[in-house]
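Results of the structural survey
If you want the building blocks of each chain, they are given just below.
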Amino acid sequence: MASRERLFELWMLYCTKKDPDYLKLWLDTFVSSYEQFLDVDFEKLPTRVDDMPPGISLLPDNILQVLRIQLLQCVQKMADGLEEQQQALSILLVKFFIILCRNLSNVEEIGTCSYINYVITMTTLYIQQVVKKQKKEKEMADQTCIEEFVIHALAFCESLYDPYRNWRHRISGSQIPEGFLRHISIRVSSGKNPATPAPEG
């Protein structure tokens, strides 16, 4: 796992030089450090990880605002088609938000922002592109990146709206503890965030 010092160094370089390459490197380093939390294979039970991603308060100041702007720019450029570097950045951004949401204390704040709207918009546009395109060799090569984005977009939706991954447990035939279901049902019916952990006992 990359040290906090390395992440801090990259963030300072980005803030000082305003070079987007440093931001991408920071994202890549962060995602690589917490890659075990992505867990996007929907056909398998969720992987249990003892560690936990950092809370939002431990991240660099205004990081969420910076990344929101980056994601918005990706959406705005979709009509003309994203370049390879922009496609890679968009996937990194979604991976980052998935990882953050694996810490349940982050879910509510991420869910109230516009990230999910941008991600759904990009997913819709990507799917429309795939439907319209004829199957040419170059277009098929591009499709791998599109598929990766769509899969991670689905995982982002899961991390926001089914943070305990109950749906995965159900389709795998695994039994969900009754206490969890009761806790989530009560919170949903009362209009509260279902991601809030259940009380001990």
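In what follows, the structure referred to is the one given above.
Owing to the predicted nature of the structure, the values given are computational and were not obtained by experimental measurement.

A positive phi angle, near 55°, is found at Lys-18, a position not held by glycine. Its location among the elements puts Lys-18 in the loop between helix H1 (4–17) and helix H2 (20–33). Backbone geometry places Asn-62, a non-glycine residue, at a positive phi of 60°. On the secondary structure map, Asn-62 appears in the loop between H2 and helix H3 (63–77).

What follows is about the packing of aromatic side chains. Counted by the stated rule, this structure contains eleven aromatic pairs. A ring pair is formed by Trp-11 and Tyr-14, whose centres lie 5.4 Å apart and whose planes are at 45°; its orientation type is tilted. Taken together, the positions of Trp-11 and Tyr-14, both in helix H1 and three residues apart, correspond to about one turn of that helix. The exposure classification of Trp-11 matches that of Tyr-14, with both residues buried. Feature note: the residues Trp-11, Tyr-14, Trp-26, Phe-30, Tyr-34, Phe-37, Phe-96, Phe-97, Tyr-115 and Phe-156 constitute an aromatic cluster, connected by ring pairs. Above the plane of the ring of Tyr-14 lies Lys-18, whose end atom (NZ or CZ) is 5.9 Å from the centre.

Counting 50 residues, the largest nonpolar core has Phe-96, Ile-110 and Phe-156 as the members making the most contacts within it. Elements with a minimum of two residues in this core: H1, H2, H3, helix H4 (84–101), helix H5 (104–111), helix H6 (115–132) and helix H7 (137–161). In terms of residue count, the dominant contributor to this core is H4 (eleven residues). In contact with Ile-110, other than residues within four places in its own chain, are Ile-56, Leu-64, Phe-97, Leu-100, Cys-101, Tyr-115, Phe-156 and Leu-160.

To continue, consider H5. Within H5 the residues assigned to the buried category are Asn-106, Val-107 and Ile-110. On an axial view of H5, the arc spanned by its buried residues comes to 120°, and they lie on one face.

Moving on to the pattern of salt bridges. Applying the stated criterion across every chain, the model contains six salt bridges. Arg-165 serves as the salt-bridge partner of Asp-39, at 2.9 Å between the closest nitrogen and oxygen. Here Asp-39, found in the loop between H2 and H3, pairs with Arg-165, found in the loop between H7 and helix H8 (166–172); they are 126 residues apart in sequence, far enough to count as distant. You can call Asp-39 buried: its relative accessible area is 14%. Across the pair Arg-168 and Glu-158 runs a salt bridge, and its minimum N-O distance is 2.8 Å. With Arg-168 in helix H8 and Glu-158 in helix H7, this pair connects stretches of sequence that are ten residues apart. Linked by salt bridges that have partners in common, Asp-39, Arg-102, Glu-158, Arg-165 and Arg-168 make up one network.

Cut-offs and rules
Residues numbered from 1 in each chain as written. Predicted model: local features only at pLDDT ≥ 70, side-chain atom pairs only at ≥ 80, totals over all residues. Heavy atoms only, no water. Helix = DSSP H or I, 4+ residues; strand = E, 2+ residues; numbered from the N terminus. Phe/Tyr/Trp six-rings, centres within 6.5 Å; stacked < 30°, edge-to-face > 60°. Buried < 20%, exposed > 50% of the residue type's maximum accessible area, 1.4 Å probe, protein only. Lys NZ or Arg CZ within 6 Å of the ring centre and 35° of its normal. Core = buried A, V, L, I, M, F, W, Y, C linked by side-chain atoms within 4.5 Å. Contact = heavy atoms within 4.5 Å. Arc of directions from axis to C-beta. Salt bridge = Lys/Arg side-chain N within 4 Å of Asp/Glu carboxyl O.

Geometric descriptors of this kind do not, in isolation, establish any biological role.
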